[in-house]
Amino acid sequence: MLERKIPETRWAWVEIDRGALRRNFRAFRALTQPRERICCVIKADAYGHGAVECARVLASAGADMFAVATVDEGVVLRDAGVTLPILVLSEPPVSAIGTLLAHDIIPSVYTVEFALAYGECAVQAGTVGRYHLAIETGMNRIGVRCTEAVEFRESIDFHRGLCCDGVYTHFATADDPDGWDYKLQLRRFDEAVAAMRDAGLECGIVHCDNTPATIFDPASHHDMVRVGIGLYGLDPCPQAAARIELEPVMSVRARVTRTIMPAMGEGVGYGFTYRVPRTAVEICTLPLGYADGLSRTLSNRMEVLYRGERIRQVGNICMDQCMVAIHQTPLHQTPWAEHGDLMTIIGSDGDDRITMDEMAELRGTINYEVACGFGMRLEKIYL
């Protein structure tokens, strides 16, 4: 394997492939019409990939807007010099309004109380508060009910401190574009937008498509699509792989910090959930654990790559460390590892690859959660 940059203080890290991120963005750009904008969702530290660096790459690739989950996530981007519009995909508390205005961050709006307070503060600051109206179409999470959108807008739009910069909704089942639920949400959204326009209300940027809807339903792109998980090379659902070619952006690596050849019958890790069998076994310690996103539920169930071969993780995964075992048999002589040898937890080595989806299936979750977990504490190396 090629020599790679590694952190100075810990032998476990994630690698972020900026070229793959750029190519994934271009793959989504190819799905859109020239007039259709792309909002890149970089919430949760860009799904664990590093929001600031990903924002820089995506801005240079042609992103039109960024979306985050919290006001603080937007502030981090502004402090890093990001100048593109930033949308918060929820309505913050009233106490956050000053921060929104000071950093030119656009909130979602769906309560009259927040909207009017936002408008008042904007007037006092000598500006106009832009907002995006979140419309509830069936997911039952956030937003103004689709049948009440006109009434809501008329109750706040008199305020000179407010400007509707956009309206949007979010799909619950966009991975099934032919399904009744998806079609119902889309119809409700389209009807709400039409009703607002018929009432003479400006809607600004109309957007509803998340990653799967962007892939499967070009007719619903409207003015802008919001692409999240797909940017990072992760499919939002299995059937997406046949429609768009994406490259994983994150790999997770570690170097061996200790090797030992325990005697037969000795246990490994907390609780001794693994004991050394009769055959010769080398136990190697890797310096990452469940506090780094390597879920404890994977204990004794997962594999890592070493010199292009799969080897078992053994024993209970600890908070900061885990152990793997190299078994040698007369028919298969995997080389013993040495201190400092490289192992791959997520990513490719030789002709094999361990994916986020593989790990997600073992954990009974989705690739989104796996990626976010690895991004919490491990240092990021940008390639």
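A. Structural view of the nonpolar core. In terms of nonpolar packing, the biggest core is built from 114 residues, with Val-167, Leu-288, Leu-294, Met-343, Ile-345 and Phe-374 touching the most fellow members. Counting residues per element, this core draws most heavily on helix H8 (residues 180–198), which supplies six residues. The residues contacting Phe-374, other than those within four sequence positions of it, are Val-14, Met-250, Val-252, Asp-292, Gly-293, Leu-294, Ile-345, Ile-346, Met-356 and Met-359. Membership of the second largest hydrophobic core comes to nine residues, among which are Tyr-274, Val-281, Val-314 and Cys-318.

B. Spotlight on the environment of Arg-226. With respect to the helices and strands, the residue Arg-226 is situated in strand E10 (residues 224–227). What makes Arg-226 buried here is its relative accessible area of 4%. Sequence spacing of Arg-226 and Tyr-131 is 95 residues, and the spatial spacing of their C-alpha atoms is 16 Å. Setting aside its immediate chain neighbours within four residues, Arg-226 contacts Cys-39, Val-41, Leu-89, Tyr-168, Thr-169, His-170, His-207, Cys-208, Asp-209, Asn-210, Thr-211 and Thr-214.

C. The arrangement of the packing of aromatic side chains in detail. For the structure on display, the rule yields four aromatic pairs. In this structure an aromatic cluster arises from ring pairing among Tyr-47, Tyr-232 and Tyr-368.

D. Layout of the pattern of salt bridges. As enumerated under the stated definition, the model contains 18 salt bridges in all. The salt bridge involving Asp-104 is made with Arg-130; its shortest N-O contact spans 3.2 Å. With a gap of 26 residues between them, Asp-104 in the loop between helix H5 (97–102) and strand E5 (108–109) and Arg-130 in strand E6 (residues 129–136) connect regions that are remote in the sequence. Residue Arg-130 pairs with Asp-165 through a salt bridge whose shortest N-O separation is 4.0 Å. Placement of Arg-130 in strand E6 and of Asp-165 in strand E8 (residues 162–168) is noted, with a sequence separation of 35 residues between them. Among the residues examined, Asp-165 registers a relative accessible area of 16% and is labelled buried. When salt bridges that share partners are traced, they join Arg-10, Asp-292, Asp-320 and Arg-377 into one network.

E. Layout of a negative patch on the surface. A surface patch of negative charge is lined by Asp-175, Asp-176, Asp-178 and Asp-181. Assignment of secondary structure puts Asp-178 in the loop between E8 and H8.

F. Here's a closer look at the side chain of Arg-226. One buried charged residue, Arg-226, remains without a salt bridge, the closest side chain of opposite sign being Asp-209 at 7.4 Å. A polar atom in the side chain of Arg-226 sits 2.8 Å from the backbone oxygen of Thr-169.

G. Spotlight on H8. For H8, which comprises 19 residues, the first-to-last C-alpha distance of 26 Å matches the rise-based estimate of 27 Å (1.5 Å per residue) to within 8%. Along H8, the positions that sit buried rather than exposed are Tyr-182, Leu-184, Gln-185, Leu-186, Phe-189, Ala-192, Val-193 and Met-196. Packing partners of the buried residues in H8 comprise E6, helix H7 (149–156), E8, strand E9 (205–209) and helix H9 (211–216). Once H8 finishes, Gly-200 follows within two positions and takes phi at roughly 80 degrees, a positive value.

H. Layout of the side chain of Thr-334. Within the element layout of this structure, Thr-334 appears in the loop between strand E19 (332–333) and strand E20 (342–349). According to the relative accessible area criterion, Thr-334 is buried, its value standing at 5%. Only 2.9 Å separates the side chain of Thr-334 from the side chain of Glu-309, close enough to count as a polar contact. Those residues within four positions of Thr-334 in sequence are excluded, and the remaining contacts are Tyr-306, Glu-309, Ile-326, His-327 and Gln-328.

Analysis parameters
- Residues numbered from 1 in each chain as written.
- Predicted model: local features only at pLDDT ≥ 70, side-chain atom pairs only at ≥ 80, totals over all residues.
- Heavy atoms only, no water.
- Core = buried A, V, L, I, M, F, W, Y, C linked by side-chain atoms within 4.5 Å.
- Buried < 20%, exposed > 50% of the residue type's maximum accessible area, 1.4 Å probe, protein only.
- Helix = DSSP H or I, 4+ residues; strand = E, 2+ residues; numbered from the N terminus.
- Contact = heavy atoms within 4.5 Å.
- Phe/Tyr/Trp six-rings, centres within 6.5 Å; stacked < 30°, edge-to-face > 60°.
- Salt bridge = Lys/Arg side-chain N within 4 Å of Asp/Glu carboxyl O.
- Patch = residues over 30% accessible without salt bridge, like charges linked within 9 Å, V, L, I, M, F, W, Y side chains within 5 Å.
- Areas by Shrake-Rupley, 256 points an atom, 1.4 Å probe, with all protein chains shown as cover.
- Lys, Arg positive; Asp, Glu negative; His and termini not counted.
- Charge placed at Lys NZ, Arg CZ, Asp CG, Glu CD.
- Polar contact = N/O pair within 3.5 Å; in protein donor to acceptor, adjacent residues only side chain to side chain.
- Expected span 1.5 Å × (residues − 1).

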